[in-house]
Amino acid sequence: MSDPVSRRQFAKLAGLSAAGVASPLEALEVKPVSPPRSGNGFPAGFLWGTATSSYQVEGAVNEDGRGASIWDKFVRIPGKIEDGTNGDRANEHYQRYKEDVALIKELGCKAYRFSVAWPRVFPDGDGKPNLKGLDFYNRLIDELLKNGIEPWLTLYHWDLPQSLQDRFGGWRSTETCKIFGDYAAYVAKHLTDRVKNVFTLNESGRFVYFGYGIGIDAPGLTLPQAEVNQIRHNSALAHGLAVQAVRAHGRRGTRVGPAENIDACAPAIDTPENVRAAGIALREMNAGYLNVIMTGKYTDAFLKFAGPNAPKYTDAELKIISSPVDFLGLNIYAPQHYVVASDQGAGFMPLPIPKSFPHMNSDWLRVGPETIYWVPKLAAKIWKTDAIYISENGTSSDDVITADGKIYDTDRIMYLRNYLAQLQRATTEGVPVRGYFLWSLMDNFEWVYGLNKRFGLYHVNFDTQVRTPKLSASFYRNVIANNAAGV
Ligand code: BG6
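Going along each chain's sequence as written, the residues are numbered from 1 onward. Where totals are concerned, whole chains, interfaces and linings use all residues; where local detail is concerned, this predicted model gives features only for residues with pLDDT of at least 70, and gives and counts side-chain atom pairs only at 80 or more. Just so you know, side-chain values use all the structure's heavy atoms and leave hydrogens and water out.

Q: Can you help me understand the overall build of the chain in this one?
A: Helix and strand labels come from DSSP, where a helix needs a run of H or I of at least four residues and a strand needs a run of E of at least two; each type is numbered from the N terminus. Broken down by element type, the chain carries 18 helices and 13 strands. Here the globule rule reads 2.2 Å times residues to the power 0.38, and the radius of gyration is calculated from C-alpha atoms. Taken over the C-alpha trace, the chain has a radius of gyration of 22 Å; the compact-globule value for 487 residues is 23 Å, and the two agree within 12%. By principal-axis analysis of the C-alpha atoms, the chain measures approximately 70 × 60 × 45 Å. Accessibility here uses a 1.4 Å probe with only protein chains present; expressed as a share of the type maximum, an area under 20% marks a residue as buried, one over 50% as exposed, and anything in between as partly exposed. Across the 487 residues of the chain, 58% fall into the buried class. Partitioning the intrachain contacts of the chain with sequence separation of at least 6 by distance along the chain shows that 78% fall at a separation of at least 24. Each accessible area is a Shrake-Rupley estimate made with a 1.4 Å probe; only the visible protein chains count as cover when residues are assessed. When the accessible surface of the chain is summed, it comes to about 19,900 Å², and 54% of that surface belongs to carbon and sulfur atoms. Between the centroid of the 53 positive side chains of the chain and the centroid of its 51 negative side chains there is a distance of 3 Å. Should any heavy atoms of two residues lie within 4.5 Å, those residues are counted as being in contact. Only four residue types enter the tally: Lys and Arg on the positive side, Asp and Glu on the negative side, with His and both chain ends excluded. One atom stands in for each charge, and that atom is NZ of Lys, CZ of Arg, CG of Asp or CD of Glu.

Q: I would appreciate a short explanation of the packing of aromatic side chains in the present structure.
A: The description of two aromatic rings rests on the distance between their centres and on the angle between their planes. Note on aromatic pairs: the rings of Phe, Tyr and Trp (six-membered ring only in Trp) are paired at centre separations within 6.5 Å, and the planes decide the class, stacked below 30 degrees, edge-to-face beyond 60, tilted for the rest. Scanning all chains against the criterion turns up 45 aromatic pairs. Between Phe180 and Tyr183 the ring centres are 5.8 Å apart and the planes differ by 45 degrees, which places this aromatic pair in the tilted class. With Phe180 and Tyr183 both in helix α9 (residues 174-191) and 3 residues apart, the pair spans about one turn of that helix. For the pair Phe180 and Tyr183, a shared accessibility class is recorded, and that class is buried. Judged by centre distance (6.4 Å) and plane angle (20 degrees), the rings of Trp364 and Phe455 are stacked. Of this pair, Trp364 sits in the loop between β9 (348-350) and α16 (371-383) while Phe455 is found in the loop between β11 (433-439) and β12 (458-460), placing the two residues 91 residues apart along the sequence.

Q: For this particular structure, what's the right way to read the site of the ligand?
A: Within the structure, the ligand sits among 15 residues, and Gln56, His157, Glu203, Arg206 and Glu446 are positioned closest to it. The definition of a polar contact used here is a pair of N or O atoms within 3.5 Å, where within protein one atom must be able to donate a hydrogen and the other to accept one, and adjacent residues in sequence count solely through side-chain atom pairs. Within the side chain of Glu203, a nitrogen or oxygen atom sits 2.6 Å from an oxygen atom of the ligand. Trp447 is positioned with one of its side-chain polar atoms (N or O) 3.0 Å from an oxygen atom of the ligand. Starting from 380 Å² of accessible surface for the ligand in isolation, the protein chains cover 96%. Here the residues of the shell around the ligand sort into 7 nonpolar, 4 polar and 4 charged. Neighbouring residues are identified by heavy atoms, a residue being near a molecule or strand if any of them is within 4 Å of it. Throughout, the ten residues Ala, Val, Leu, Ile, Met, Phe, Trp, Tyr, Cys and Pro are labelled nonpolar, Asp, Glu, Lys and Arg are labelled charged, and all others, Gly among them, are labelled polar.

Q: Looking at this structure, I do not really get the sheet that holds β9. What am I missing?
A: Within a sheet, neighbouring strands are paired by backbone hydrogen bonds and run either parallel or antiparallel to one another. Two strands make a pair as long as DSSP finds a minimum of two bridges between them. If you trace the 3 strands from one edge of the open sheet to the other, you get β6-β8-β9, paired in mixed fashion. Both edges of this open sheet fall to β6 (265-267) and β9, since each of them pairs with a single strand only. The mean inter-strand angle of the sheet, taken between neighbouring strand axes irrespective of direction, is 40 degrees. Taken together, the 3 bridges between strand β8 (residues 337-341) and β9 define a ladder with antiparallel strand orientation. Opposite Val339, over in β9, you have Pro350 as the bridge partner. The convention used is that axes are lines fitted to C-alpha atoms, helices contributing only their stretch in contact, and that angles between N-to-C directions extend from 0 to 180 degrees. Together, β6, β8 and β9 form the strand contacts of helix α12 (residues 272-285), whose direction differs from that of β8 by roughly 125 degrees.

Q: What is the right way to read the environment of Ile332 from this model?
A: Residue placement: Ile332 occurs in the loop between β7 (328-331) and β8. Judged by its relative accessible area of 1%, Ile332 falls in the buried class. Through-space distance from the C-alpha of Ile332 to that of Asp135 is 32 Å; in sequence the pair is 197 residues apart. For Ile332, the contacting residues outside a window of four places in its chain are Ile262, Thr371, Ile372, Val375, Pro376, Ile390, Glu392, Asn393 and Tyr415.

Q: Please explain a nonpolar patch on the surface as it appears in this structure.
A: The patches reported here contain residues having more than 30% relative accessible area and no salt bridge. Joining distances are 9 Å for like charges and 5 Å for nonpolar side chains (Val, Leu, Ile, Met, Phe, Trp, Tyr). The salt bridge criterion pairs a side-chain nitrogen of Lys or Arg with a carboxyl oxygen of Asp or Glu, the two atoms within 4 Å. Together, Tyr209, Ile214 and Ile216 give the surface a local cluster of nonpolar side chains, amounting to about 230 Å² of exposed area. When you line up the elements, Ile214 lands in the loop between α10 (204-213) and α11 (225-249).

Q: It is not clear to me how the pattern of salt bridges should be interpreted in this structure. Could you clarify?
A: Opposite charge on two side chains makes pairing possible when the charged atoms of those side chains draw close. Counted under the stated rule, the structure contains 25 salt bridges. Close ionic contact of Lys178 with Glu175 constitutes a salt bridge, the shortest N to O distance being 3.8 Å. Taken together, the residues span about one helical turn, with Lys178 and Glu175 both in helix α9 at a distance of 3 residues. Residue class for Glu175 comes out partly exposed when judged on its relative accessible area of 32%. Two residues, Asp399 and Lys470, come together in a salt bridge whose shortest N-O distance is 2.5 Å. Of the two residues, Asp399 sits in the loop between β10 (388-393) and α17 (410-428) while Lys470 sits in the loop between β13 (467-469) and α18 (471-482), which places them 71 residues apart along the sequence. You'll find Asp399 and Lys470 in the same group, each marked buried. In this structure, a network of salt bridges that share partners links the residues Arg89, Glu92, Arg96, Glu99, Asp100 and Arg467.

Q: Where do I start with the pairing of strand β4 (residues 197-202) in this structure?
A: Regular strands place side chains that alternate from one sheet face to the opposite one. Among the 6 residues in β4, 6 count as buried, and that is most of the element. With 4 bridges connecting them, strand β3 (residues 150-156) and β4 associate as parallel partners. Following the sheet pairing, Leu153 is matched in β4 by Val198.

Q: Hey, could you run me through the nonpolar core in this one?
A: For soluble globular proteins, nonpolar side chains are generally found buried alongside one another. To qualify as a nonpolar core, a set must consist of buried Ala, Val, Leu, Ile, Met, Phe, Trp, Tyr and Cys residues joined through side-chain atoms within 4.5 Å. Counting 147 residues, the largest nonpolar core has Trp71, Trp118, Tyr156, Trp171, Phe180, Tyr436 and Tyr476 as its most contacted members. If one sorts the elements of this core by residue count, α9 sits on top with 10 residues.

Q: It is not clear to me how the packing of α12 against α16 should be interpreted in this structure. Could you clarify?
A: Geometry of a packed helix pair, given as the angle between the helix axes and the separation of the axes. The N-to-C vectors of α12 and α16 enclose an angle of 75 degrees; their axes lie 10 Å apart at closest approach. In terms of their interaxial angle, α12 and α16 are classed as roughly perpendicular. For the pair α12 and α16, the contacting residues are Val275, Ala278, Gly279, Leu282 and Arg283 in the first and Trp374, Val375, Leu378, Ala379, Ile382 and Trp383 in the second. Across the contact of α12 with α16, the residue classes break down as 9 nonpolar, 1 polar and 1 charged. When describing relative orientation, an angle under 35 degrees is termed roughly parallel and one over 145 degrees roughly antiparallel, while 65 to 115 degrees is termed roughly perpendicular and anything else oblique.

Q: Please explain the side chain of Ser391 as it appears in this structure.
A: Residue position: Ser391 is located in strand β10. A polar contact is formed between the side chain of Ser391 and the side chain of Asn331, at a distance of 2.7 Å.

Q: For this particular structure, what's the right way to read the pairing of strand β2 (residues 111-115)?
A: By the criterion of burial, β2 is predominantly enclosed, with 5 of the 5 residues buried. Residues Ala111, Arg113 and Ser115 of β2 are buried on one face, and the alternating residues Tyr112 and Phe114, pointing to the opposite face, are buried as well. Judged from the 3 bridges that link them, strand β1 (residues 47-51) and β2 form a sheet pairing that is parallel. The residue bridging Thr50 from the neighbouring strand is Tyr112, located in β2.

Structural data, given as structure tokens:
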């Protein structure tokens, strides 16, 4: 409360409560209204959810026989994590999962996206499974179902067993891909009696480049471009093997698809030429992963651009990679490229983004709500899919607890309102987006930022583990109750 602005804000809040005005959280208690008129909200049955990932929330890294992951090792390298913290304890979700499921229910969410920690189930990545580790997910899934929440499971959200890194160089080797397929088969066999939807790998686009290209994520390597391209290819192969494993070992009807931070392209100005160019850009900018998954081919432009650094592959691998998926999961946070038509090259030109472009609390998180309209619309068209899920969207915020013990994250609400309005615009036009997972249910261990960035609808005090709903939790509850973005 030391700066004059916060002092002024506090004075105002204090004035309100002295005048007998209820605090916003109380005032906003959601009273579900009658269902929105058609065309006035999201389609009936639209799936509302929230998301987390294992290393970011579970903690309990030495509990019940869990093996080490590459993140356990990476966080201990001095200087790698901004605030020097790690995920040893994180949100203690491993112990507090029941409390956390109650929070999801409180929002009115019908789905929860979580990830399985591979080294909990196979401490060495392969070999003997650890039943105690698997049992945690049995308990979590049962608790979700008991509360009317569908479990949406991610097989890989970056916590690779360290043993696979040590023995095979992690994703540098197709050995890891094969072992991933076996792990996927095991999870599918044991959990798809209750889990009906499985995401394969979370964000190849990030963990390959950040982990093996520029060394800012685990395992912290800086390899030449040719190897990075090969590793990206391996991640696509791992995805395909997992799709096949789920089909072969999961209960009939289990659905499976990727969850990718698609390189998000949008037309700079909405003209037919630019929209067409943005579609080409989306295909080409995602040629190394999503496009090859969806079409079974690396594009000519991609191969030409990569030149001698292009991945080596066989036709048999392309077949596996492009095993048909049931849905496309897209993590959409920020615009990557605003595009105009061009008569040069592949037919599009990405424009430089000015320094003054507005962003949220995380500097990478540019504010471009129309991205969540254009990207699913263009993706549905170029890849002919009829089921898209927004597997992540959300923002970090300063999230200061004010003197009255509340968190007035109006910036997060602004961001969500604008993105959801654009998503509603898309579904109203018939773009086949079937659901939305807000990142994140609660503040958690944000990788290189440590505990410094807060993405949650619930604030977490990492000393006491107390969870406190932010104002945005009321906002999201209201959106869900009304099945409408509320603009
Ligand atoms: C996504 C990840 O890239 O963005 C999440 O799937 C992550 O795991 C979120 O927490 C926010 O990213 P960051 O880099 O700001 O922590």
